[in-house]
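# Descriptive analysis of the structure
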Amino acid sequence: MSDDQVLTGPGTQTRRALLAGAGAVGASVLLAACGGGDDSGDGATAPTSGGPGATAGDAEGGDRQGAASIARTADIPVGGGAIYAAQGVVITQPNPGEFKAFDPICTHQNCPVSNIDGGTINCTCHGSKYSITDGSVKQGPATRPLPPKGIKVQGDHISFA
């Protein structure tokens, strides 16, 4: 038997053949893991190039999160609030004309808060309740308040500060 051959079962194969086969398997696994989808209708989309003309966030070059209206003041009830999950914010109105904003993720185990009732922002995952005034914990198991978010009110529109 030569140095390039090794027993692998009933027959023999060369080390080169074994290494080539192992390399092909490894390459196919790597390509499958890194491969992007195409627009073939299977739900995957082709990645963008990130070249000239590609923008992060706002195609017009501004800060849309800061400029876009999240809600109208009339949408936020006095003594209550509204959850805007897509925008990542809870907006409350503890007193007439006083608007507050908080992160919508419970500080206990990162569940999204689910409703606002009775002067509290409520997480139904484990029963935590937070004050609509300052985000402080009114009922555990959470021990940390909801982090505040910056908002501004201009006329009857509420947007990120």
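What comes next is a walk through the structure. (Residues numbered from 1 in each chain as written. Predicted model: local features only at pLDDT ≥ 70, side-chain atom pairs only at ≥ 80, totals over all residues. Heavy atoms only, no water.)

### Observations concerning the overall build of the protein chain
Scanning the protein chain from terminus to terminus reveals 2 helices and 12 strands. If you list the helices and strands of the protein chain from N to C, you get β-β-α-α-β-β-β-β-β-β-β-β-β-β. In the protein chain, the proportion of contacts linking residues at least 24 apart, taken out of those at least 6 apart, comes to 36%. Surface exposure of the protein chain reaches about 10100 Å², of which carbon and sulfur atoms provide 53%. (Helix = DSSP H or I, 4+ residues; strand = E, 2+ residues; numbered from the N terminus. Contact = heavy atoms within 4.5 Å. Areas by Shrake-Rupley, 256 points an atom, 1.4 Å probe, with all protein chains shown as cover.)

### Digging into the environment of Ile151
Within the secondary structure, Ile151 is located in strand β11 (residues 151-154). Spatially, the C-alpha atom of Ile151 lies 4.4 Å from that of Ala161, the residues being 10 residues apart in sequence. Beyond its immediate chain neighbours, meaning those up to four positions away, Ile151 contacts Ile70, Ile91, Phe99, Lys100, Ala101, Ile158, Ser159, Phe160 and Ala161.

### Structural notes on the state of the cysteines
Working definition of a disulfide: a covalent bond connecting the sulfur atoms of two cysteines. Taken as a whole and assessed by the stated rule, the structure comprises 1 disulfide. What pairs with Cys111 in a disulfide is Cys125, and their sulfur atoms sit 2.3 Å apart. The S-S bond linking Cys111 to Cys125 shows a torsion near -105°; that makes this disulfide left-handed. In this pair, Cys111 is assigned in the loop between β6 (98-102) and β7 (115-117) and Cys125 in the loop between β8 (120-122) and β9 (129-131), connecting sequence segments 14 residues apart. In this structure Cys111 comes out as buried when scored by relative accessible area, which is 15%. Taking relative accessible area as the criterion, Cys125 reaches 39% and is therefore assigned partly exposed. With no disulfide of its own, Cys106 has Cys123 as its nearest cysteine by sulfur position, at a separation of 3.9 Å. Overall, Cys106 belongs to the buried group, its relative accessible area being 2%. Residue Cys123 is classed as buried on the basis of its relative accessible area, which comes to 3%. (Disulfide = S-S within 2.5 Å. Buried < 20%, exposed > 50% of the residue type's maximum accessible area, 1.4 Å probe, protein only.)

### Some thoughts on the pattern of salt bridges
Under the counting rule described, the total for this entry stands at 2 salt bridges. Here Arg72 ties to Asp156 by a salt bridge, and the two come within 2.5 Å at their closest N and O atoms. With Arg72 in strand β3 (residues 69-72) and Asp156 in the loop between β11 and β12 (157-160), this residue pair connects regions lying 84 residues apart in the sequence. (Salt bridge = Lys/Arg side-chain N within 4 Å of Asp/Glu carboxyl O.)

### Brief notes about the pairing of β11
Here β11 runs beside β12; their pairing, made up of 4 bridges, is antiparallel. Opposite Ile151, over in β12, you have Phe160 as the bridge partner. Hairpin connection from β11 to β12: 2 residues lie between these consecutive antiparallel strands, with Gly155 at a positive phi of about 65°. (Pairing = 2+ DSSP bridges.)

### Looking at the sheet that holds β12
Each strand in a sheet pairs with another by means of backbone hydrogen bonds, the pair being arranged parallel or else antiparallel. With respect to topology, 3 strands assemble into an open sheet ordered β3-β12-β11, the strand pairing being antiparallel. With one partner strand each, in any of the chains shown, β3 and β11 form the two edges of the open sheet. Neighbour-to-neighbour, the strand axes of this sheet turn through a mean angle of 30°, independent of strand direction. Summarising the sheet, β3 and β12 pair through 3 bridges and their orientation is antiparallel. Opposite Ala71, over in β12, you have Ile158 as the bridge partner. (Axes fitted to C-alpha atoms, helices over the stretch in contact; angles between N-to-C directions.)

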